[in-house]
Protein chains: 2
Amino acid sequence: MTAITSLPHPAIEDVRLTDVLFALSDPARLEIVRELADGPLSMAECGATNPDLPKSTKSHLMKVLREAGVVRNEPDGRRRVLSLRRSELDEAFPGLLESVLGARTDPVG
Amino acid sequence: MTAITSLPHPAIEDVRLTDVLFALSDPARLEIVRELADGPLSMAECGATNPDLPKSTKSHLMKVLREAGVVRNEPDGRRRVLSLRRSELDEAFPGLLESVLGARTDPVG
DNA sequence: GTCATGGTTCCATAATAGTTGAACCATCCT
DNA sequence: AGGATGGTTCAACTATTATGGAACCATGAC
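So, here's what we can say about the structure. (Residues numbered from 1 in each chain as written. Chains lettered and ligands numbered in written order. Predicted model: local features only at pLDDT ≥ 70, side-chain atom pairs only at ≥ 80, totals over all residues. Heavy atoms only, no water.)

This part takes up the protein's contact with DNA strand C. Close to DNA strand C lie 20 residues; M43, K55, S59 and N73 of chain A together with R29 of chain B are nearest. Counting only the atoms of DNA strand C that lie within 4 Å of the protein, the sugar and phosphate share comes to 61%. The contact in question runs from a phosphate oxygen of DNA strand C to an N or O atom on the backbone of A44 of chain A, over 3.1 Å. Within the side chain of R80 of chain A, a nitrogen or oxygen atom sits 3.5 Å from a sugar or linking oxygen of DNA strand C. Looking at the surface near DNA strand C, the elements with two or more residues in it are α3 (55–68) and β3 (79–84) of chain A together with α3 (55–68) of chain B. Here the residues of the surface near DNA strand C sort into five nonpolar, nine polar and six charged. (Near = heavy atom within 4 Å. Polar contact = N/O pair within 3.5 Å; in protein donor to acceptor, adjacent residues only side chain to side chain. Helix = DSSP H or I, 4+ residues; strand = E, 2+ residues; numbered from the N terminus. Nonpolar A, V, L, I, M, F, W, Y, C, P; charged D, E, K, R; others polar.)

Structure below.
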């Protein structure tokens, strides 16, 4: 049984490359993805970089990432666990996540 | 000497990953990049997929790609030659272009 | 049950991005 | 010089996206 509070996630075959690229094209979202690359985090744990980000805003950033197929958002007690859909994305778009996570974010110098 | 009609291009060190990802996140722009992956094209040659795209619109798409650091736009007689900044991007963001160009664009099935 | 916690959703507003005709500009050709 | 060609820029409009407070919803603790 799926809990009512589960949020919809696209099947990996339905994930569009351009949507993934768009989701990753925002600095705040990319930072979240970088954090999740080290393992799942709850909402509260995630986004340590932006400590004073309103929760509705953070929730919206997560929604964009989730609907693009980049992250999973699973209920766990009264928290939610965010995780990068890494293995699925690696199959769908080989090398993409690796290159993005390995790349510099800011201009050099 | 640089001709007056040259357009500004960011130095590769100043190119931001998020700007590149954003530029690639639009289907029309991504299609242009795919075409340019096979070699430089003039404006008129490029965008064969969208034959009835107004030229101002196409010019704007190119501007986004150019300002993000993805393509070069060099005057050549009364035409302009568009080219992918491939080797520069490969150095700045190893593997990124390869994975994007190699990936499927549309959902499977 | 009540309450605090952790989070989503709704709504209104602000900001950014896309579209396109018209005007413009430079080049080549005669 | 004039005209056609290939393209950029401008301006106005539309559309999409971001932001964040307030309301709401589950869960766990008591």
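The rest of the description comes next.
Attention shifts here to the protein's contact with DNA strand D. Around DNA strand D sit 21 residues in total, of which R29 of chain A together with M43, K55, S59 and N73 of chain B are the nearest. Sugar plus phosphate, as a fraction of atoms of DNA strand D within 4 Å of the protein: 61%. Taking T57 of chain A, its side chain carries an N or O atom lying 3.4 Å from a phosphate oxygen of DNA strand D. Between K55 of chain B and DNA strand D, the recorded distance is 2.6 Å, taken from a side-chain N or O atom to a base nitrogen. A per-element tally of the surface near DNA strand D places α3 of chain A first, with four residues.

The next point concerns helix α1 (residues 17–24) of chain A. The element α1 of chain A is extensively covered by neighbouring structure, given that six of its eight residues are classed as buried. Those residues of α1 of chain A lying buried are L17, T18, V20, L21, A23 and L24 of chain A. (Buried < 20%, exposed > 50% of the residue type's maximum accessible area, 1.4 Å probe, protein only.)

Turning our attention to the relation of the copies chain A and chain B. Overlaying chain A with chain B gives an RMSD of 0.0 Å, the required rotation being 180° about an axis along which the chain moves by 0.0 Å. Between the two chains, the operation in question is that of a two-fold axis. A shared interface surface links the copies, since 100% of the contact residues of chain A are contact residues in chain B too. (Least-squares fit on C-alpha atoms with pLDDT ≥ 70 in both. Contact = heavy atoms within 4.5 Å.)

Attention shifts here to the pairing of strand β2 (residues 71–76) of chain A. Residue and element names in this part refer to chain A. Where β2 lies against β3, six bridges are found, and the strand directions are antiparallel. Following the sheet pairing, V71 is matched in β3 by L84. Joining the antiparallel neighbours β2 and β3 is a turn of two residues, in which G77 adopts a positive phi near 65°. (Pairing = 2+ DSSP bridges.)

Here we come to the packing of helix α2 (residues 27–36) of chain B against α3 of chain B. All names here are of chain B. The contact between α2 and α3 brings their axes to 10 Å, and the two run at 75°. Put simply, α2 runs roughly perpendicular to α3. Contact residues: A28, R29, I32 and V33 in α2; L61, M62, V64 and L65 in α3. Residue composition of the contact of α2 with α3, by class: seven nonpolar, no polar and one charged. (Axes fitted to C-alpha atoms, helices over the stretch in contact; angles between N-to-C directions. Parallel < 35°, antiparallel > 145°, perpendicular 65-115°, else oblique.)

A few words on the sheet that holds β3 of chain A. Residue and element names in this part refer to chain A. Taken in spatial order, the three strands of this open sheet run β1-β3-β2, and their pairing is antiparallel. Looking at which strands have only one partner, the edges of the open sheet turn out to be β1 (41–42) and β2. Against the sheet, helix α2 (residues 27–36) makes contact with β1, β2 and β3, and its axis sits at roughly 90° relative to β3, the strand it touches most.

Attention now moves to the packing of aromatic side chains. Both the distance between ring centres and the angle between the ring planes are used here to describe each pair of aromatic rings. What the rule picks out here adds up to one aromatic pair over all chains. Pairing F22 of chain A with F22 of chain B gives two aromatic rings, centres 6.2 Å apart and planes at 50°, and the pair type is tilted. Of this pair, F22 of chain A sits in helix α1 while F22 of chain B sits in helix α1 (residues 17–24), on two different chains. For F22 of chain A, a relative accessible area of 37% gives the class partly exposed. (Phe/Tyr/Trp six-rings, centres within 6.5 Å; stacked < 30°, edge-to-face > 60°.)

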